[in-house]
Amino acid sequence: AGALSAQLSYDEGRTGATATATDSTKNRSIIASGTYALGGTKLFAGVRNTHRDPVGTINAGNPKFTSTLYWLGASTPLSPAITAFGGLYYENKHGTGSDPLMLAGKLHYNFSKRTWLYATAAIARAPSDDSTQTLTGVYRDQTPVASHQTGLGIGIQHRF
């Protein structure tokens, strides 16, 4: 309605079922988010609660977990063709010392209403309870590769 936009969704994914084993790992998420427009600038906020129920033996390679991801962000036009985006993401991985925090940014250069060039950058870190670094990973059951991650990307997108 007007400057406010909101969404609520439920997502369930299942993996691991075979012809002989019909059970599967379930990843369930409930997501609530919204935006508020202040002229050309938009503010974003959201929360996602995810619960993973694995099939088989629960261990480090096949964990059961619950996590809650929170995010805040904004976008603003820098010129008629360029828009800047920024966001801060925090995930509470319940029952672990790994609660990653990620800062992300993106620039869009619009060639037209349906085609743009983009550049993204993000950095994530997850301090543990004992002040050492623990594994990061800010997406459901993503396998983290380090206590500190940096990502860069460029590309072009066209919407049909």
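Not measured: the values here are computed from a predicted model.

Some points on the overall build of the protein chain
Logical step 1: Scanning the protein chain for helices and strands turns up zero helices and eight strands.
Logical step 2: Sequence-ordered secondary structure for the protein chain, helices as α and strands as β, is β-β-β-β-β-β-β-β.
Logical step 3: Considering only contacts in the protein chain between residues 6 or more positions apart, those separated by 24 or more positions represent 43%.
Logical step 4: Accessible surface, the protein chain as shown: approximately 10100 Å² in total, 61% of it carbon and sulfur.

Comments concerning the sheet that holds strand β3 (residues 41-53)
Logical step 1: Ordered by their spatial adjacency, eight strands build an open sheet running β1-β2-β3-β4-β5-β6-β7-β8, and the pairing between neighbours is antiparallel. With one partner strand each, in any of the chains shown, β1 (4-15) and β8 (148-158) form the two edges of the open sheet. The mean angle between the axes of side-by-side strands here comes to 15°, regardless of whether they run parallel or antiparallel.
Logical step 2: Two elements, strand β2 (residues 25-38) and β3, share 13 bridges in a ladder whose sense is antiparallel. Bridged to Arg28 within β3 is His51.

Concerning the packing of aromatic side chains
Logical step 1: Tallying each qualifying case throughout the model produces two aromatic pairs.
Logical step 2: Aromatic side chains Tyr70 and Tyr90 sit 6.5 Å apart centroid to centroid with 15° between the ring planes, which places their arrangement in the stacked category. Of the two residues, Tyr70 is situated in strand β4 (residues 65-77) and Tyr90 in strand β5 (residues 82-93); the sequence distance between them amounts to 20 residues.
Logical step 3: Ring centres of Tyr109 and Phe111 lie 5.3 Å apart, and the angle between their planes is 80°; this geometry places the pair in the edge-to-face category.
Logical step 4: In this structure Tyr109 comes out as partly exposed when scored by relative accessible area, which is 38%.
Logical step 5: Across from the ring centre of Phe85, 4.8 Å away, lies the NZ or CZ of Lys106, which sits over that ring.

Describing the layout of surface pockets
Logical step 1: In this structure, the second largest pocket occupies an estimated 390 Å³ of space.
Logical step 2: Elements supplying a minimum of two residues to the lining of the second largest pocket: β1, β2, β3, β4, β5 and β6 (101-110).
Logical step 3: Of the residues in the lining of the second largest pocket, the class split is ten nonpolar, nine polar and one charged.

Considering the pairing of β4
Logical step 1: By the bridge criterion, eleven bridges tie β3 to β4 in an arrangement that is antiparallel. By the bridge assignment for β4, Arg52 is matched with Phe65.
Logical step 2: Two elements, β4 and β5, share eleven bridges in a ladder whose sense is antiparallel. The residue bridging Thr76 from the neighbouring strand is Ala84, located in β5.
Logical step 3: Connecting β4 to the antiparallel partner β5 that follows it, the hairpin turn spans four residues.

Notes on a nonpolar patch on the surface
Logical step 1: Taken together, Val47, Tyr70, Leu88, Tyr90, Leu101, Leu103 and Ile123 make up a surface patch of nonpolar side chains, about 600 Å² in accessible area.
Logical step 2: The exposure class of Tyr70 is partly exposed, given its relative accessible area of 42%.

Examining the environment of Asn110
Logical step 1: By the secondary structure assignment, Asn110 is in strand β6.
Logical step 2: Under the relative-accessibility criterion, Asn110 is labelled partly exposed at 25%.
Logical step 3: Residues Asn110 and Thr83, spaced 27 residues apart in sequence, show a C-alpha to C-alpha distance of 8.2 Å.

Rules of the game
Residues numbered from 1 in each chain as written. Predicted model: local features only at pLDDT ≥ 70, side-chain atom pairs only at ≥ 80, totals over all residues. Heavy atoms only, no water. Helix = DSSP H or I, 4+ residues; strand = E, 2+ residues; numbered from the N terminus. Contact = heavy atoms within 4.5 Å. Areas by Shrake-Rupley, 256 points an atom, 1.4 Å probe, with all protein chains shown as cover. Pairing = 2+ DSSP bridges. Axes fitted to C-alpha atoms, helices over the stretch in contact; angles between N-to-C directions. Phe/Tyr/Trp six-rings, centres within 6.5 Å; stacked < 30°, edge-to-face > 60°. Buried < 20%, exposed > 50% of the residue type's maximum accessible area, 1.4 Å probe, protein only. Lys NZ or Arg CZ within 6 Å of the ring centre and 35° of its normal. 1 Å grid on protein atoms, 1.4 Å probe; cavity = no way out; pocket = protein on both sides within 12 Å on 5 of 7 lines; lining within 4 Å. Points joined across faces, edges and corners; volume = space filled by probe spheres on them. Nonpolar A, V, L, I, M, F, W, Y, C, P; charged D, E, K, R; others polar. Patch = residues over 30% accessible without salt bridge, like charges linked within 9 Å, V, L, I, M, F, W, Y side chains within 5 Å. Salt bridge = Lys/Arg side-chain N within 4 Å of Asp/Glu carboxyl O.

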